[in-house]
Amino acid sequence: MSTYADYFNEHYQGDVPSGPVRMIISRNEKSAGDMDSDSVEAESCTVEELMDQEVPQPAQQKPAESLPGSELRLDWIPSSSAVWVLDTNVLLHTLEHIQALCKAQLHELSHNLVSFPRIYLVVPFVVLEELDHLKLTNKQDNGTHIAASSRSASHWILSTVQSQKYMRTISQDALHPHRWVLHVQTMLSVPSRDLTNDLTIVALCAELLRSCQAQVMLISDDTNARTHAEIMNIASISLPRVLQNIRKAAGSSSLHNEVQQLFFLSLPENGHLLTQS
C-alpha cells in the first residue's frame, strides 16, 4: 500500500534532497445530498518545507604550492659574484680545494666581513646520483680510489648543507639562504631526465645564466661537457689544469695560496684569465 511519503518522493522536483517537510492533506467535503453517491472523495496535498536547504557548492581546487627547495632559483645573486657549477670529477679529484673555498667564505660570512659569497658553489642533482653510484666501484683514477673519494664528497656536501642551515653569525643571526655558499639542486627541480648527465648539467648552467646576473661557469674536467657548455656561451674551466698552472707560475704553492689565486681569478674582470689558465 502506497504511503504519503511515497507520493511525496514521486512528485518532489527539488535539485537537492529535501529536509523536513509539513504535508497538509485535505478532502473535499460532500453535501448531505451526495452521501449515497458512488463518487470518490478527492484529496489534495500541500507540501511545505520547514528548513531551507543549502545547495552544496562545488569544491574549489586549491592552487598547487611548490615545495620548499623544489626550485633552484639564484636570480638574487649579485653580479659581482661568480657561480660555479661543479661536475662529479671536480669533487672526486679537487675536493680539498673546493672545501677550502667554501670554508674560507663561510668564515667571512659568519663574521659579517662580506655581504655575499664571492663564489657560489652549485651541485647538480645528477652529480649526487653519480657520487652515490660510485661508492660501490673498485676503480682507481691516477691513484685516486673513486669509491673513497665519492664517499668523502657526499659527506662534505651533507655536512656543509647542515652547517649553513644552523650557522649563526657573530651577531647571533641565522645565515640567510641567500648567503649560503653551497647550493644543491633537488630532484624536484630537474626539468627532464631524457638528457644525458652531461647535457643535464649544461642545461642547469644555461638556466642559471639566463636567470641571474652573475658569471656562471661549468667547473669540469670532462671535455664533452665543456664543449657543450662553450657552444651555449657558458664559460668552463678544468680546475686541475688551472691549479697546475698556478703552481707552475708560483714555483711552489700552498693550498691557502692556491685558493687565494682562485678567488682572484674568479673576479668578473679576471674571468678571461681563469678560462685561459
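Note: the structure precedes this text.
Note that the structure is predicted; figures quoted are calculated from it, not measured.

Each value, and the rule that gives it
- Residues numbered from 1 in each chain as written.
- Predicted model: local features only at pLDDT ≥ 70, side-chain atom pairs only at ≥ 80, totals over all residues.
- Heavy atoms only, no water.
- Helix = DSSP H or I, 4+ residues; strand = E, 2+ residues; numbered from the N terminus.
- Buried < 20%, exposed > 50% of the residue type's maximum accessible area, 1.4 Å probe, protein only.
- Contact = heavy atoms within 4.5 Å.
- Axes fitted to C-alpha atoms, helices over the stretch in contact; angles between N-to-C directions.
- Parallel < 35°, antiparallel > 145°, perpendicular 65-115°, else oblique.
- Nonpolar A, V, L, I, M, F, W, Y, C, P; charged D, E, K, R; others polar.
- Pairing = 2+ DSSP bridges.
- Core = buried A, V, L, I, M, F, W, Y, C linked by side-chain atoms within 4.5 Å.

Trainee: When you look at the overall build of the chain in this model, what are you seeing that I'm missing?
Mentor: On a plain count of helices and strands, the chain comes out with 10 helices and nine strands. In the chain, which comprises 277 residues, the proportion classed as buried is 35%. Taking the contacts inside the chain whose residues are at least 6 apart along the sequence as the reference set, 67% of them involve residues at least 24 apart.

Trainee: Mind showing me how you'd approach the packing of helix α3 (residues 95-110) against helix α5 (residues 146-166) here?
Mentor: The description of two helices packed together rests on the angle between their axes and the distance between the axes. At a closest axis distance of 11 Å, the pairing of α3 and α5 adopts a crossing angle of 5 degrees. Judged by the angle between their axes, α3 and α5 are roughly parallel. The residues of α5 that touch α3, namely those facing L95, I98, Q99, C102 and L106, are S152, A153, W156, T160 and Q164. Among the residues making up the contact of α3 with α5, the classes are represented as six nonpolar, four polar and no charged.

Trainee: I'm lost on the sheet that holds strand β9 (residues 235-237) in this one. Help?
Mentor: Paired through their backbone hydrogen bonds, the strands of a sheet run either parallel or antiparallel. In space, the five strands of this open sheet follow the order β7-β4-β3-β8-β9, with parallel pairing throughout. With one partner strand each, in any of the chains shown, β7 (182-184) and β9 form the two edges of the open sheet. When the angles between neighbouring strand axes are averaged without regard to direction, this sheet yields 30 degrees. Judged from the five bridges that link them, strand β3 (residues 82-86) and strand β8 (residues 215-219) form a sheet pairing that is parallel.

Trainee: What is the right way to read helix α9 (residues 255-265) from this model?
Mentor: Residue pairs spaced three or four apart in an α-helix point in one direction, given the helix's 3.6 residues per turn. Those residues of α9 not exposed but buried are E258, V259, L262, F263 and L265. Contacts made by the buried residues of α9 are with β3, α3, β4 (119-123), α8 (239-250) and α10 (271-275).

Trainee: Teacher, can you tell me more about the nonpolar core here?
Mentor: Considering soluble globular proteins, one finds that nonpolar side chains tend to be buried as a cluster. Among the nonpolar cores identified, the biggest contains 60 residues, and W84, L86, L91, I98, L121 and W156 are the most heavily contacted of them. For this core, the element with the most residues is α3, which contributes seven residues. Each residue touching L121, except ones within four places of it in the same chain, is listed here: W84, L86, I98, C102, W156, V181, L182 and H183.

Trainee: Could you clarify how one ought to interpret the pairing of β3 in this entry?
Mentor: Across a regular strand the side chains alternate sides, sitting on one face of the sheet and then on the other. Most of β3 is tucked away: five of the five residues are buried. Side chains A82, W84 and L86 of β3 all project onto a buried face; the interleaved residues V83 and V85 project onto the opposite face, where all are buried too. In this sheet, β4 lies alongside β3 in parallel orientation, the contact comprising four bridges. If you follow V83 over to β4, its bridge partner there is Y120.

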